[in-house]
Amino acid sequence: MASGEYKWRGGFCLEVKPVPNTIVIFGASGDLACRKLIPALFHLWKRGLLHEKSRIVGCARTPMDDVSYHALLRKWIGDSEELEDFFTRLHYMHGDYSDPEFYRDLSAGLDKIEKEADADPAITGRIFYLSMPSALYETIVNRLGESGLTREDPSGVPWRHVILEKPFGRDLESARTLDARLHKTLQEHQIYRIDHYLGKETVQNLLVLRFANTIFEPVWNANYIDNIQITVAETVGVEHRAGYFDSAGLLRDMFQNHILEMLSLVAMEIPSSSAADSIRDEKLKLLKSIRPFDRKTLADSIIRGQYTAGEINGAPCPGYREEPGIPSESRTETFVAMRLFIDNWRWRGVPFYLRSGKRMPRKTSNIVINFKPIPHSIFSPLRAEDLTPNQLILNVQPQEGLALTIQAKQPGPKLCMGALSMDFKYASILEDGSGMPDAYERLLLDCMLGDQTLFIRNDTIEYAWSLLTPILHEWETNAETAGPVYPYAAGTWGPKAAEDLTARNNVFWRNETN
Ligand code: BG6
C-alpha cells in the first residue's frame with residue numbers, strides 16, 4: 001500500500017501546556033547531554049513546549065563559561081539563528097559534585113537565573129537530570145538534599161523532580177540499596193527513572209493499539225497467538241563505553257530495562273485507566289507472572305554470545321575482545337536470547353522469545369506477534385499449515401510503524417493466494433516533515449508535567465532484578481548449568497544456539513534482510 005494512502009480521520013489530542021521550570025543537567029558536557037538531552041530541549045522549545053520563563057542550566061566538572069559551553073554544543077547540534085535564540089535560555093555552571101560549596105553556588109545561581117527570567121519562585125518547578133554514572137547518584141542526591149534543593153512544599157508546588165539514567169544497580173541487592181539511599185532524600189513521586197525505550201513512539205502506541213481498538217484485544221491471548229518475539233539488534237559494538245559495558249554485559253544493559261519494559265506493555269492486562277500507577281501496577285503484575293528460570297536447565301532457555309571479528313555492511317569489525325579497553329579474556333556477553341513463559345490465564349503456554357545483541361547485521365528493534373495457523377483449510381489442496389499465519393509486526397526503530405501480514409487472493413482468474421503485508425510507517429503521515437520526535441523529548445516533557453507513566457517505579461525495578469539476578473549468579477558461579485558463551489561473527493544474527501532455541505519449537509526468528 002502506498003504510504004500516501006494512510007490518513008488520519010477524526011483525532012483527539014490532549015492539550016499540553018508548558019509549565020515554568022528550570023532544568024538542571026548534571027553531566028552537561030557528556031555524550032548523552034550533548035547528543036540527546038539539549039537537542040531534545042531545543043526541539044521542545046521550537047515546538048513551543050518550553051515555557052517562556054523556563055531556563056536550562058548545564059553542570060559539569062569542566063571549567064567553562066556560557067559562551068564556551070554554547071560553542072561546544074554547536075559542534076553537536078549545528079548552527080542556526082533559532083539555536084542562538086535558544087542559547088539565551090541556556091547557562092552553564094561547573095564544580096565538584098561532591099563539594100557542598102558547589103551546591104550552595106548552584107542554589108544561588110538558580111535563584112538568580114529564575115529572577116532574571118522573571119519566573120515566580122512560588123510556582124517554578126525544578127528538574128535535576130543526573131546524566132552520569134550511577135556511582136555518583138547517591139553523592140549528588142545527598143548534596144542536593146542537604147542544600148535544600150530537592151525540598152518540596154507539602155502542597156507539591158513548586159515541585160522538585162530528579163531524573164535518573166540507568167543502570168539502577170547491578171543486581172537485586174545493589175538496586176535495593178541504591179533505592180533505600182535515594183529515598184532518604186527523595187520521595188518516590190520525585191524520582192523519574194528513565195528508560196528511553198518508553199519514549200519511543202511505537203512503544204507508546206502499544207497502549208493505544210491494544211486498548212483503543214476492539215479488534216486486537218479479543219485475539220491477544222494464548223487462543224490465537226502462537227508466540228511473541230522481541231528483538232533489539234544493534235550494529236554498534238561497545239563504542240567508547242568499554243569499562244561500563246564489560247562489567248555490565250548485555251543482560252543488564254538491555255534486558256533489565258528496555259526489553260522487560262516492552263514485554264510488560266505487550267503482555268500486561270488491561271489497566272483500569274491511563275493513570276500512571278494504574279499502568280505501572282499492571283506492568284508489575286505481569287513481571288510477577290513471568291515463570292522464574294530453572295537454574296538447572298538455564299542453558300535450555302537462555303543463550304549468551306560474544307561477537308568475534310566479522311563484517312557489517314562491507315566494513316570489517318574487530319571482535320569484542322579486540323575492542324579498546326576490553327580484556328582479552330573477557331567472557332562478558334554481547335548477545336542474549338531467551339525463551340520465557342508467563343504463567344497466567346492469558347498467556348498459558350505461549351513462548352516469548354526475546355533477544356538483543358551488539359554487532360548484528362542491522363539496527364532494528366521490533367515486536368513480532370505470530371498468530372496461530374487457521375484451524376482448517378477449505379482451499380483444498382492447500383492444507384491449513386500451508387498458509388502463512390497472520391503476523392503483526394510493531395517496528396520500534398529505525399522506521400517506526402506497524403505491519404500486518406494477512407492471507408489474500410492475488411488478482412486474476414485463478415485462485416492464487418499468498419501472504420500480503422500491509423506496511424504502515426509513521427513517517428508517511430507526518431504532515432510538517434519535522435521527523436519523529438526523539439524519545440527524550442517526550443520523557444522530558446512528561447517530567448515537566450509531573451507524569452510518571454513512562455518512568456519506572458522502584459518495585460518494577462526490583463522485580464526485574466529478582467528475575468535476572470539468579471541468571472547472573474548462575475553465569476558467574478556455575479559454568480556447568482550456565483552453558484558456554486557462544487561466539488558469533490560480527491554481522492550475523494547471533495550464535496546458532498539462538499536459532500536452535502526457537503527451532504526446537506518449530507519457530508523461527510524474524511530476521512530483517514533489507
Ligand atoms: C542504552 C544501552 O540503554 O540503549 C546501549 O545502554 C544501547 O548499550 C542503547 O546502545 C540503544 O538505544 P537505541 O535507542 O539506540 O536503541
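Check the entry above for the structure.
An account of the accompanying structure is given in this report.

Near the ligand the following residues occur: Lys166, His196, Tyr197, Lys200, Glu234, Arg241, Asp253, Met254, His258, Lys358, Lys363 and Gln397. Lysine 166 has a polar side-chain atom sitting 2.7 Å from an oxygen atom of the ligand. At 2.6 Å, a side-chain N or O of aspartate 253 approaches an oxygen atom of the ligand. Protein coverage of the free-state accessible area of the ligand, which is 400 Å², stands at 82%. The element that contributes the greatest number of residues to the shell around the ligand is helix H9 (residues 250-267), accounting for three residues. Considered class by class, the residues forming the shell around the ligand number two nonpolar, three polar and seven charged.

Here we take up the side chain of arginine 55. As for its placement among the helices and strands, arginine 55 is situated in strand E2 (residues 55-60). The side chain of arginine 55 is buried and forms no salt bridge, while glutamate 116, the nearest opposite charge, is found at 7.1 Å. Looking at arginine 55, its side chain comes within polar contact range of the main-chain oxygen of glutamate 52, at 3.0 Å.

As enumerated under the stated definition, the model contains 37 salt bridges in all. Aspartate 79 serves as the salt-bridge partner of arginine 74, at 3.7 Å between the closest nitrogen and oxygen. On the basis of relative accessibility, which here comes to 27%, the residue arginine 74 falls in the partly exposed class. A residue is classified by how much of its surface remains accessible, and aspartate 79, at 62% relative accessible area, is exposed. The residue aspartate 277 makes a salt bridge to arginine 280 at a minimum N-O spacing of 3.5 Å. Of this pair, aspartate 277 and arginine 280 both sit in helix H10 (residues 276-289), three residues apart, roughly one helical turn.

The subject of this paragraph is the environment of valine 232. For valine 232, the location among the structural elements is in strand E7 (residues 225-233). Overall, the relative accessible area of 0% leaves valine 232 in the buried class. Along the primary structure valine 232 and methionine 360 are separated by 128 residues, whereas in three dimensions their C-alpha atoms are 9.7 Å apart.

On to the packing of helix H5 (residues 137-146) against helix H6 (residues 172-185), then. Two numbers describe how H5 lies on H6: the axes approach to 9 Å, and their chain directions differ by 10°. With respect to H6, the axis of H5 lies roughly parallel. You can see that H5 and H6 cross each other, and the crossing is left-handed. Contacts between H5 and H6 involve Tyr137, Glu138, Val141, Asn142 and Gly145 on the former and, on the latter, Leu178, Arg181, Leu182 and Thr185. Considered class by class, the residues forming the contact of H5 with H6 number four nonpolar, three polar and two charged.

Moving on, we get to unusual backbone geometry. Backbone phi values are negative for most residues with the exception of glycine, while trans is the configuration of most peptide bonds. Note that the residue after valine 157, namely proline 158, is joined by a cis bond; omega there is -5°. With respect to the helices, strands and loops of the structure, proline 158 is situated in the loop between H5 and strand E5 (160-164). Residue proline 167 is reached from lysine 166 by a cis peptide bond, and omega for that bond is 5°. Relative to the helices and strands, proline 167 is located in the loop between E5 and H6. Unusually for a residue other than glycine, asparagine 313 sits at a positive phi of about 50°.

Conventions adopted
- Residues numbered from 1 in each chain as written.
- Predicted model: local features only at pLDDT ≥ 70, side-chain atom pairs only at ≥ 80, totals over all residues.
- Heavy atoms only, no water.
- Near = heavy atom within 4 Å.
- Polar contact = N/O pair within 3.5 Å; in protein donor to acceptor, adjacent residues only side chain to side chain.
- Areas by Shrake-Rupley, 256 points an atom, 1.4 Å probe, with all protein chains shown as cover.
- Helix = DSSP H or I, 4+ residues; strand = E, 2+ residues; numbered from the N terminus.
- Nonpolar A, V, L, I, M, F, W, Y, C, P; charged D, E, K, R; others polar.
- Buried < 20%, exposed > 50% of the residue type's maximum accessible area, 1.4 Å probe, protein only.
- Lys, Arg positive; Asp, Glu negative; His and termini not counted.
- Salt bridge = Lys/Arg side-chain N within 4 Å of Asp/Glu carboxyl O.
- Axes fitted to C-alpha atoms, helices over the stretch in contact; angles between N-to-C directions.
- Parallel < 35°, antiparallel > 145°, perpendicular 65-115°, else oblique.
- Left-handed = near helix turned anticlockwise from the far one by under 90°.
- Contact = heavy atoms within 4.5 Å.

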